[in-house]
Amino acid sequence: MSQSPRFRYEEVADFVAALAGRGTLKPGARAPSLREISTLQRTSLSTAVQAYRLLEDRGILEVRPQSGYYVAKAPPALPVPTTARHSIRPAKVELSGLMLDLLKHASDEAFVPLGCAIPNQRLLSSSRLDLVLARTARVKGSQCNTYSPPHGEMSLRLEIARRALRFGQVLAPDDIAITCGCTEALALALDAVTEPGDTVAIESPTYFGLLQVLRAKRLKVVELPTDADTGVAVDALREVVASGRVRACVLASSFSNPLGCTMPEENKRAVLRLLAEHGVPLIEDDVYGDVHFGEERPPPFSALDTHDNVIYCGSFSKTLAPGYRIGWIATRRHMARVLETKFATSLATPVLTQVALATFLSNGDYDRHLRRVRREFAETLARMTRVIEQAFPPGTKVSRPAGNFVLWVELPEPADTRLLFAQALEKGICFAPGVVFSASGKYAHCLRLSGGHGWDARIEKGLRTLGAMAGRAAGLAGSGKKLVRSG
């Protein structure tokens, strides 16, 4: 099966949305009538009706009885989440017991899927990739029924290196090793530059899977204050690195999980200079890099690095095939240690999926796929934000990522999303409570929402129900009634 076609009414809707976005149609101005837009776009009246209904759903147009369609006046945008203060003292990683509950319910289709950041198979439309896999198994099955070389399949490493050139990252195939997802890549990177008991500097909030890896490696952490727009505070990192206690730093390149922040390029260069000066390697998580909503992909740290001090980790799990478990790690300086550790742990990554994915990348299918999923994720997050503005309590703050498919929501304190999580499960709704994104149990009043399943009536209803529940929690807090905190 081919990917979902682009419908004509969607093209018409995008045309009108672009007029509003560029300011050609001002907020409050009358939009072209249905007949005018159908003539202008050379389409049927019914197609124009579909387009305008879609624009209504997006909140771009509003209909006024007896008057027609008008460009909606932009609602007051919610502020972005605040930057939390942190101690720079190293600490053990303390994992919330809610993490297992989250993972258990997030994969249950009976729950409204706002929990784990896993793309929906309908959005990924992986049938084309599955056909490539089937053809590869039919034609090369016997050749692929073996262990891959230590680095992984050359064909896939070449495709990854070629794609990296597009955003200024110069890699040789031998600089790349294929891994079982990005989680193994991060684990191998940590093994290459740290020993148990060492301290690692991380973003806060950060991806809870990283916290699990850090705990398993018996590493301590320093949580760095992280801005929802610009990422880690460089001054705070400077203070931490100057203390001499940090052996490595783990940062997301762009569109971090859960904040969605992207560090400006000048800040990235400052971080690279700072870490190189103190001999602290940077482990870079760029798993969301391809899910950018702008015209260009922000350059990763590794594309700006001039000191060979970055260990780059990536994956196709967030964009194409979570079940294939294909990721990669790129480093020149530490590759020997990486391969030694991989051989001792997972030995090799399955060959068949590597060969199929290399074929998929080489024929242009991946680029066409990315253009579609970026558009869908951007539209889903916009709709989710609109509902949050309407349905969540006053004082709520929400992130505005320029890529990925998750939102970080900060509720008025002392609302407790651990309690809210238990209540939401009873209503058949799953989300990620904020405490699972901290090594020390912070962010009890925050939560992460995933837009990975796209937008439909069930998602909207679940989000509005969650907003009402959050409002009641905030109301209890505001009236002085004590919230019961779950362990």
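The structure we're discussing is the one just above.
These remarks concern the structure in this document. Since this is a predicted model, take the numbers as computed values, not measurements.

1. A few points about the overall build of the chain
Turning to step 1, where the next piece is worked out: Scanning the chain from N- to C-terminus turns up 17 helices and 15 strands.
Turning to step 2, where the next piece is worked out: In summary, the chain has a C-alpha radius of gyration of 23 Å against a globular reference of 23 Å for 487 residues, a match within 12%.
Turning to step 3, where the next piece is worked out: Principal-axis analysis of the C-alpha atoms gives the chain an extent of 70 × 65 × 45 Å.
Turning to step 4, where the next piece is worked out: Nonlocal contacts in the chain, meaning residues at least 24 apart in sequence, comprise 76% of its contacts between residues at least 6 apart.
Turning to step 5, where the next piece is worked out: As displayed, the chain offers around 21300 Å² of accessible surface, 52% of which is attributable to carbon and sulfur atoms.
Turning to step 6, where the next piece is worked out: The distance from the centre of the 61 positive side-chain charges to the centre of the 49 negative ones in the chain is 4 Å.

2. Some details on helix α3 (residues 45–58)
Turning to step 1, where the next piece is worked out: Over its 14 residues, α3 runs 20 Å from end to end, which matches the ideal 20 Å to within 8%, given 1.5 Å per residue.
Turning to step 2, where the next piece is worked out: Those residues of α3 not exposed but buried are Thr47, Ala48, Ala51, Tyr52, Leu54, Leu55 and Arg58. Along the axis of α3, the buried residues cluster in a sector spanning 155°; they form a single face.
Turning to step 3, where the next piece is worked out: Positive phi shows up at Gly59, right after α3, with a value of about 80°.

3. Describing the packing of aromatic side chains
Turning to step 1, where the next piece is worked out: Taken as a whole and judged by the stated rule, the model has 10 aromatic pairs.
Turning to step 2, where the next piece is worked out: A ring pair is formed by Tyr207 and Phe208, whose centres lie 5.4 Å apart and whose planes are at 40°; its orientation type is tilted.
Turning to step 3, where the next piece is worked out: Owing to a relative accessible area of 25%, Tyr207 belongs among the partly exposed residues under this scheme.
Turning to step 4, where the next piece is worked out: A relative accessible area of 5% places Phe208 in the buried class.
Turning to step 5, where the next piece is worked out: Plain terms: the ring middles of Phe316 and Trp328 are 5.0 Å apart, the flat faces sit at 45° to each other, and that makes the pair tilted.

4. Thoughts on the pairing of strand β10 (residues 310–315)
Turning to step 1, where the next piece is worked out: Of all the 6 residues making up β10, 6 are buried; the element is thus mostly covered by neighbouring parts of the structure.
Turning to step 2, where the next piece is worked out: Side chains Val310, Tyr312 and Gly314 project from β10 onto one buried face, and the interleaved Ile311, Cys313 and Ser315 project onto a second face that is buried too.
Turning to step 3, where the next piece is worked out: For strand β9 (residues 282–285) and β10, the ladder comprises 4 bridges, and the chain directions are parallel. Bridge assignment links Asp285 to a residue of β10, and that residue is Cys313.
Turning to step 4, where the next piece is worked out: Across 4 bridges, the pairing between β10 and strand β11 (residues 326–330) is antiparallel. Pairing of Cys313 across the sheet is with Ile329, part of β11.

Reading the values: rules and limits
- Residues numbered from 1 in each chain as written.
- Predicted model: local features only at pLDDT ≥ 70, side-chain atom pairs only at ≥ 80, totals over all residues.
- Heavy atoms only, no water.
- Helix = DSSP H or I, 4+ residues; strand = E, 2+ residues; numbered from the N terminus.
- Rg over C-alpha atoms; globule rule 2.2 N^0.38 Å.
- Contact = heavy atoms within 4.5 Å.
- Areas by Shrake-Rupley, 256 points an atom, 1.4 Å probe, with all protein chains shown as cover.
- Lys, Arg positive; Asp, Glu negative; His and termini not counted.
- Charge placed at Lys NZ, Arg CZ, Asp CG, Glu CD.
- Expected span 1.5 Å × (residues − 1).
- Buried < 20%, exposed > 50% of the residue type's maximum accessible area, 1.4 Å probe, protein only.
- Arc of directions from axis to C-beta.
- Phe/Tyr/Trp six-rings, centres within 6.5 Å; stacked < 30°, edge-to-face > 60°.
- Pairing = 2+ DSSP bridges.

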